[in-house]
Each structure stands twice: as structure tokens, then as C-alpha cells.
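# Overview (structure and organization)
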Amino acid sequence: MLAHAERLRRASLSRLTQLFGRWLPDDLFVGGPNSRQRSYPVSLTFWAFLNQVIHPACSCRQIVRKVQLWHRSRNQPMPSSQTGAYCQARSRLPQKDLDRAHEKLADQLAAGPQTKGCWKGHRLRVIDGTGLSMPDTPANQEAFPQPNTQSPGCGFPVVKLVAVFCLHTGALIRWVQGTLLEHENRLFKRLLEFFGPKDIVVADRGFCGFGQIAAVLDRGADMLVRLHQRRLVDWRRGKTLGPKDRLVSWPRPYQQSDIFSATEWRGFAREIQLRILKVNITVPGFRNQQIVLVTTRLDAKRYPADELAKLYLRRWSVEVFYRDIKQTMEMDILRCQSPAMIQKEIHLHAIAYNLIRSVMND
């Protein structure tokens, strides 16, 4: 990932369009508020902003120089060397165009040939949350308050993200964002619409709740998650499927989860059938560890415990994905001064990440 990013940071705007035009053609950016601006049409503004995201050390003035070179190569009048016109064009970049570009790219990547013959016919989706810092402006503080453990004026605004990645290609499929005051499970609920039949959602134990599992099942998908530390297991109950492998029923709790509405809660099944299995995790150089997994895949012959354990170990790939996008691409500290531009900056980082993933998968 780092090698690809380093090469792209040295690329001109024309080179970027040549490399990535097959995935993001210019007809995605037709019209819009910049369509009559000869110096900064929507498509050129997008590629300039994308180049700045890929190369965080590149200032607006350096990007303007690249835009001037782009115009000169086409024998067009060059824009001014001042950065005001570029910054205004960037702020007018339509959010719907960025949404459409990301969705098109993510769907192409997640449905690519690398996913053919995937894990036992299932598409693997992994979810996890993270946080991003940003400049300490009044607007950013109001939209994304700093951690309440920090004194006023001593911290930075933080946006919380919960994202779903494709385990086959590393694609960032979708994400939702909120503040530190919103629980990850509340954000996860907004991702449910992106799960469907043949999907297996792999998650850590923070997402191991009756409501979350029942909601995934209602989408026709399945789930593999580590058992939450507060839920006790009685290995004497349920049907034995193997050593420390039990088929159990989880009744719908009487107390409704505050994540779901009363109508949604009553719409869940009164009980769900699950497998609970204790597996050994063996990693060379580390001590062996036993963990308890919960899955909605009930066929012990088709889905043996050791294979489910290997699949759950792949969940750690999401940490690599986040490292690539936050550290390699330097997204961990955003740079824009307003919430609206923060939103666009996050979208551009996601698009840049998926474009590099597309090149790597090719």
C-alpha cells in the first residue's frame, strides 16, 4: 500500500486521470456548480482534491501549480496562482457526486473477480470502529465535540466512524459517522441496509448482542462474533455438536435495547438459534489462547469449528485496513476547517483508498 501511495504522490493530474479513469470516468462529474468555471470544472476540481488527499503534505498552492500545468498541456488559459479560486471550487464540489463516485467504486471492487469462489460461497464483511481528529475550530467543535475527559481548549474535535470492509479485496464498502457520544452499535444499525443474503458479518464482541444478531439475520445475512465478556455460557445446556460446540437458543430479552425502537424490537424473533463454540487460537510466537465464538451458521459439518476460528482470525485484517487509510494515507488527522469540508475530505480519502486497492487487486 505504501509503495503505491508514494508513486501516486508524485503523479500529475493528467497521470491520475489516466491511472484511475477506468474506474471513475469523467461522466460521473458532469454539471454541478463548477460546470461553467473554465479553470476549475467539477472533474478537474475532484482530481485536484484527490491528489491533495493522496499527498497530505501538498499545499493548496502546489495543487494550483498542478492545475496550471494541466491547463498548459491542453493549450488553455492558465488560472491565477492564487489559491482562492481553487478553495472556493473545492467547497462547491457536489457531495452527491462524491457519494456516487464512492458507491460506484466500492461496489465494483467488492464484486470483482477476487470475490469469486469466496469463503464457502459467502461474501465476508468485517466491521469495526475508529476515530479521527481534526482542527480545533468552533464549527468542528460544535459538530464533533472533543472527549469529555479533556479540559476545554486542551483537546481536538473527534469524529467516530464505523465502517464495513470486504475481507476479500480490502474495499471500504460503506461507513457511517457520528460523535464520541454515539455508541458504535447505534452507528452499526445504520449499516444494516448494506448486508444481504450470502454475507457473513465478522465483528468483535462489542457487537455481540441479541438485537444486533437478530437484525443481521433479518437481512438474510449471517454473523460470526466473539462472545461478549458479560454473557455467561452454561456448557451443559443446548445440543452438543462437538467438543465445546453447542447449539443453543437465545430468547429475546424482556428489556428492550435502546438502540432499537419498540416496533423494531417486537419485530425480532422471540428466540434465535445460535452456535457457541470454544476454539483455540494459535499464533506462532504467542501463547495459545481460548476464545468463545457465536455464529448463526448452525451446520457443524459444513462449518467446522477450526475453520470458523481461522475465519475469525481474519477479522484482524480490518486493523491493517485502518492502518493503511489512517497512517499510510495520513487520514488520522483531518485538515479541513468546517464540518462540510470534513465530510468531503473523508469521502475523498475513502475514494483514494479504494482506487489504490483497485490497482493492487489488478
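Notes on the structure follow.

Parameters at a glance
- Residues numbered from 1 in each chain as written.
- Predicted model: local features only at pLDDT ≥ 70, side-chain atom pairs only at ≥ 80, totals over all residues.
- Heavy atoms only, no water.
- Helix = DSSP H or I, 4+ residues; strand = E, 2+ residues; numbered from the N terminus.
- Buried < 20%, exposed > 50% of the residue type's maximum accessible area, 1.4 Å probe, protein only.
- Contact = heavy atoms within 4.5 Å.
- Areas by Shrake-Rupley, 256 points an atom, 1.4 Å probe, with all protein chains shown as cover.
- Lys, Arg positive; Asp, Glu negative; His and termini not counted.
- Charge placed at Lys NZ, Arg CZ, Asp CG, Glu CD.
- Pairing = 2+ DSSP bridges.
- Core = buried A, V, L, I, M, F, W, Y, C linked by side-chain atoms within 4.5 Å.
- Salt bridge = Lys/Arg side-chain N within 4 Å of Asp/Glu carboxyl O.
- Polar contact = N/O pair within 3.5 Å; in protein donor to acceptor, adjacent residues only side chain to side chain.
- Arc of directions from axis to C-beta.
- Axes fitted to C-alpha atoms, helices over the stretch in contact; angles between N-to-C directions.

### Notes on the overall build of the chain
When helices and strands are counted, the chain shows 13 helices and nine strands. Along the three orthogonal principal directions, the C-alpha set of the chain runs to about 80 × 50 × 45 Å. Across the 362 residues that make up the chain, the buried fraction comes to 50%. Nonlocal contacts in the chain, meaning residues at least 24 apart in sequence, comprise 66% of its contacts between residues at least 6 apart. As displayed, the chain offers around 17,700 Å² of accessible surface, 50% of which is attributable to carbon and sulfur atoms. Side chains of the chain give 54 positive and 31 negative charges; the mean places of these two sets differ by 3 Å.

### So, the pairing of strand E7 (residues 245–251)
As defined by bridge partners, strand E6 (residues 239–242) adjoins E7 across three bridges and the pair is classed as antiparallel. Looking across to E7, one finds that Gly242 is bridged to Asp245. Connecting E6 to the next strand, E7, in antiparallel fashion are two residues, including Lys244 with a positive phi near 55°. Summarising the sheet, E7 and strand E8 (residues 271–281) pair through seven bridges and their orientation is antiparallel. Across the sheet, Leu247 pairs through a bridge with Arg275, a residue of E8.

### Let's talk about the nonpolar core
Looking at soluble globular proteins, one finds that nonpolar side chains tend to be buried together. Formed by 76 residues in total, the largest nonpolar core has its most connected members in Phe20, Leu24, Phe46, Leu50, Phe165 and Ile346. For this core, the element with the most residues is helix H13 (residues 339–361), which contributes ten residues. The next biggest cluster of nonpolar side chains, apart from the first, holds 39 residues, and it includes Phe195, Ala203, Cys208 and Ile272.

### Some details on the environment of Tyr312
Tracing the chain through its elements places Tyr312 in helix H11 (residues 305–313). For Tyr312, a relative accessible area of 6% puts it in the buried group. Considered as a pair, Tyr312 and Met223 are 89 residues apart in the sequence and their alpha carbons are 11 Å apart. The residues touching Tyr312, leaving out its near neighbours within four places in the chain, are Val202, Ala203, Asp204, Arg205, Leu224, Val225, Arg226, Ile291 and Leu293.

### Regarding the pattern of salt bridges
Inspection of the entire model under this criterion finds 14 salt bridges. Between Arg186 and Asp258 there is a salt bridge; the shortest N-O distance is 3.9 Å. On the criterion of sequence distance, the pair formed by Arg186 in helix H8 (residues 184–189) and Asp258 in the loop between E7 and helix H10 (262–267) is long-range, its members being 72 residues apart. Taking relative accessible area as the criterion, Arg186 reaches 34% and is therefore assigned partly exposed. Asp258 sits in the exposed class, given a relative accessible area of 61%. What you see here is one network of salt bridges that share partners, running through Lys96, Asp97 and Arg100.

### Let's talk about unusual backbone geometry
Positioned with a positive phi, Lys120 is a non-glycine residue whose angle comes to about 50°. Examined against the element boundaries, Lys120 turns out to sit in the loop between helix H6 (95–110) and strand E1 (123–133). A positive phi angle, close to 55°, is found at Glu330, a residue other than glycine. Mapping Glu330 onto the fold places it in the loop between helix H12 (317–328) and H13.

### Observations regarding the side chain of Arg275
Following the sequence through the fold, Arg275 ends up in strand E8. Here the side chain of Arg275 touches Arg297 through a polar contact of 3.3 Å, landing on its backbone oxygen.

### Observations regarding the pairing of strand E9 (residues 289–295)
Burial within E9 is extensive, with five of its seven residues counted as buried. As paired strands, strand E5 (residues 222–226) and E9 are joined by three bridges and run antiparallel to one another. Note that in E9 the partner of Val225 across the bridge is Val294.

### Section: H11
Every buried residue of H11 is listed here: Leu308, Ala309, Leu311 and Tyr312. End-on, the buried residues of H11 take up no more than an arc of 160°, which puts them together on one face. Buried residues along H11 sit against E1, strand E4 (199–203), E5, E8 and E9.

### Quick look at the sheet that holds E9
The strand order across the open sheet built from nine strands is E3-E2-E1-E4-E5-E9-E8-E7-E6, with neighbouring strands paired in mixed fashion. Of all strands in the sheet, those with a lone pairing partner are strand E3 (172–178) and E6, marking the two edges. Ignoring strand direction, the axes of neighbouring strands in this sheet form an average angle of 25°. Note that E1 and E4 share four bridges and pair parallel.

### Notes on helix H2 (residues 13–20)
Those residues of H2 not exposed but buried are Leu13, Ser14, Leu16 and Phe20. The arc that holds every buried residue of H2, seen down its axis, measures 160°, which confines them to one face.

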